[in-house]
Every structure is written in C-alpha cells, then in structure tokens.
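Geometric and topological summary
Each chain is listed here by its residues.
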Amino acid sequence: MSDRHPAADMNGHLAIIAVATFLGGLSAALLYGFINIAIGELIIHKYIFHGHWKFCKEEVIPDVDSRNPLVILHNRTIQGLHYIFRPFYVQHWLAHHKHVTKDNQHVAEHGDASPRMQKETLERYPLNTAALLNSSHGMGANIYGLVYQYLLLGFTPLPWFGLLAYYDQPLCLLVYFLPSLMLPLSTVYHKYLHMSNVSRQKKTPWYFRWLLSDPGEDVVRKHFMHHHVNNDRNWNFILFADAVTDVFGMNVDPDEKTMRHMEKLGLQVAVKS
Ligand SMILES: [Zn+2]
Ligand SMILES: [Zn+2]
Ligand SMILES: [Zn+2]
C-alpha cells in the first residue's frame, strides 16, 4: 500500500529514468525492457484476456457477404486475430475469472479450481479444449501455454521497440529482453497469488519464497482487487510493474473495505509488523 503523494511517485519515476539514461548502455536497456514488459502485460491482459478488443468475445467471426476486397481483407484479418486471441479470452476471462468467483474456497486452498468446475468449463467451451488444458484452466501454463503467451508480446510495442533501439547492439538487445521473461514467470506463480495466507506460506516452493515479501503481498492484494473489486484495474502480476502502469492510472490500492472482504474469504495476508 502506498500512502505517498502521486506527485512523489511521479518524481521517483522520472528520477529513475534520468539516472538510467545518464548511465546509458546496459542499465538503460534493462530499464526500457522492464517498462515495456509492464506495458505489454497490461495490453495482453486488458485487451486480449479480458476481450476489450471486442471480437475476442465472439465465438466465431462469420465470413462477410461482400465483393469489396477491402471489406474481405478486414474480415479475414479479424478472423485471423480472433483465431489467435480467442483461446486466451476463454482461458482467462471465461474460465479463470469465473472459477475464482464461484469456487473461491477451493482456489484459496489448492491454487486451482475443483475438478468438477474444470470439467464443467471444458464441456462448455469445446472449441478451446487445448487452450484450457495448456493454461491449467487459466491458472498457469504448461510449456506450450507459456510459449504461446510469450508470442502475444508481438502485438505489443516490446519487441519492436527493442529491435529499433538496439538492432546494432546485440548485448543491449539481450539485456533489453531479460525483463520480458517475467511474463512467463508470473504466469507460473499466479496460482500462489490466489492462495489463502496459510496455503501460500505452506505451498510456495523455495524458488518463489520471495513472493512472501512486502512487494509480493502488494501484488496479492492488488490481484485480489482485480478479481473481486474492480476487473478493470490492476492488470499486472509482475512485481513492481504497477509502478510503470500507475502512470496511466491503471491501478487501485486496496482500502480497508477490501481488506475486510479478503479477511471474510480467508485470504488475508500476513499483518505487517
Ligand atoms: Zn484478469
Ligand atoms: Zn475487463
Ligand atoms: Zn488470477
């Protein structure tokens, strides 16, 4: 929770950018890489996973009845994008968000929806069986799910910015792409964000124990708000990424009411000493 004045946050951001730009080279590449993955995660989650690009919500995009080549081209383009994006909309919005709302206790204890709930969703969306299975029903991903999700970054500025800025500096380019690995990583640790405090303490493996820190618990609270309070805020699961998207007014901090709501559901995080 941040009780600092927004202007102070803003000055902090500007100071970091100023320092990195001054240092130049690799540290700037790392910073630009981080800014871009924070924005990339926001774009993917909001526009694709939540279907704010509305055609994601359609089950099928029918062929247009037209001879105008531009109209046909537009139709085929939307069909192509729909083919790529729709599975992510199904696994995240139609499966994951519904599971968390309807099956909260099971999710809080085990980090996934109950088998009955998973089966119900699979039967409801037979066109997206592979997507549901590759994404652990929207909660995580196997290697295919991780690779497909990573490729969605092609629809964000991330790779294009990197290639334009660093096409002639391979080491900088490599460093620029490092923060983007936080996207698959955050998909793998997503389920721990959903667990009750007790389950999270018990089940988080040693290589994710850093999630039990203050910044980790901030993500837990904000992700809770994303699911239970306001679906159109708090898009980032990557630690510290909200510092970037705050600039676009995309985040809300948890308030007293939210904390009580979490407590009622048995999801309270450790009390800070
Ligand atoms: Zn979501
Ligand atoms: Zn939405
Ligand atoms: Zn979630």
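Keep in mind the model is a prediction, meaning the values are calculated, not measured.

**A closer look at the coordination of the zinc ion (ligand 2)**
The zinc ion (ligand 2) binds to the protein through His 52 (NE2) and Asp 232 (OD), with metal-donor distances spanning 2.3 to 2.7 Å. Taken together, the residues His 52 in the loop between helix H2 (25-49) and helix H3 (69-102) and Asp 232 in the loop between helix H12 (214-228) and helix H13 (242-245) connect sequence positions 180 residues apart. According to the relative accessible area criterion, His 52 is partly exposed, its value standing at 28%.

**Here's the deal with the confidence of the model for the protein chain**
Mean pLDDT for the protein chain: 91, with 93% of residues reaching 70 or above. Here helix H1 (residues 6-23) is the element of the protein chain with the lowest mean pLDDT, 69, and helix H7 (residues 143-151) is the one with the highest, 98. Among the scores for the predicted complex, ipTM is 0.81 and pTM is 0.88.

**A closer look at the coordination of the zinc ion (ligand 3)**
Protein-derived coordination of the zinc ion (ligand 3) comes from His 96 (NE2), His 190 (NE2), His 194 (NE2), His 223 (NE2) and His 227 (NE2), at a distance range of 2.1 to 2.2 Å. Linear spacing of the donor residues for the zinc ion (ligand 3) on their chain is H-x93-H-x3-H-x28-H-x3-H. Separating the zinc ion (ligand 3) from the zinc ion (ligand 1) is a distance of 5.9 Å. Remark: His 223 occurs in helix H12 and His 194 occurs in the loop between helix H10 (182-193) and helix H11 (197-203); sequence separation between them is 29 residues. With respect to class, His 194 is no different from His 223; both count as buried.

**Examining a nonpolar patch on the surface**
On the surface, Ile 143, Tyr 144, Val 147, Tyr 148 and Leu 151 cluster together to form a nonpolar patch covering roughly 560 Å² of accessible area. On the secondary structure map, Leu 151 appears in helix H7. With a relative accessible area of 57%, Leu 151 lands in the exposed category.

**A few points about the packing of H3 against helix H5 (residues 115-124)**
One way to put it is that H3 packs onto H5 with a least axis distance of 11 Å and a crossing angle of 145°. As H3 packs across H5, the resulting crossing turns out to be right-handed. Residues Ala 95, Lys 98, His 99 and Lys 102 of H3 touch H5, and the partners they reach there are Met 117, Gln 118, Thr 121 and Arg 124. A breakdown of the residues in the contact of H3 with H5 according to their chemical character gives 2 nonpolar, 3 polar and 3 charged.

**Section: the packing of aromatic side chains**
Per the stated rule, a full pass over the model turns up 15 aromatic pairs. Relative to Phe 85, the ring of Phe 55 has its centre 6.1 Å away and its plane inclined at 25°; by these criteria the two rings are stacked. Of this pair, Phe 55 sits in the loop between H2 and H3 while Phe 85 sits in helix H3, placing them 30 residues apart in sequence. Overall, Phe 55 belongs to the buried group, its relative accessible area being 17%. Residue Phe 85 is classed as buried on the basis of its relative accessible area, which comes to 1%. Between the aromatic rings of Phe 208 and Trp 210, the centroid separation amounts to 5.9 Å while the plane-to-plane angle is 70°, which identifies the pairing as edge-to-face.

Basis of the calculations
Residues numbered from 1 in each chain as written. Chains lettered and ligands numbered in written order. Predicted model: local features only at pLDDT ≥ 70, side-chain atom pairs only at ≥ 80, totals over all residues. Heavy atoms only, no water. Donors = N, O, S within 2.8 Å, 3.2 Å for Na, K, Ca; no water. Helix = DSSP H or I, 4+ residues; strand = E, 2+ residues; numbered from the N terminus. Buried < 20%, exposed > 50% of the residue type's maximum accessible area, 1.4 Å probe, protein only. pLDDT = per-residue confidence, 0-100. Patch = residues over 30% accessible without salt bridge, like charges linked within 9 Å, V, L, I, M, F, W, Y side chains within 5 Å. Areas by Shrake-Rupley, 256 points an atom, 1.4 Å probe, with all protein chains shown as cover. Salt bridge = Lys/Arg side-chain N within 4 Å of Asp/Glu carboxyl O. Axes fitted to C-alpha atoms, helices over the stretch in contact; angles between N-to-C directions. Left-handed = near helix turned anticlockwise from the far one by under 90°. Contact = heavy atoms within 4.5 Å. Nonpolar A, V, L, I, M, F, W, Y, C, P; charged D, E, K, R; others polar. Phe/Tyr/Trp six-rings, centres within 6.5 Å; stacked < 30°, edge-to-face > 60°.

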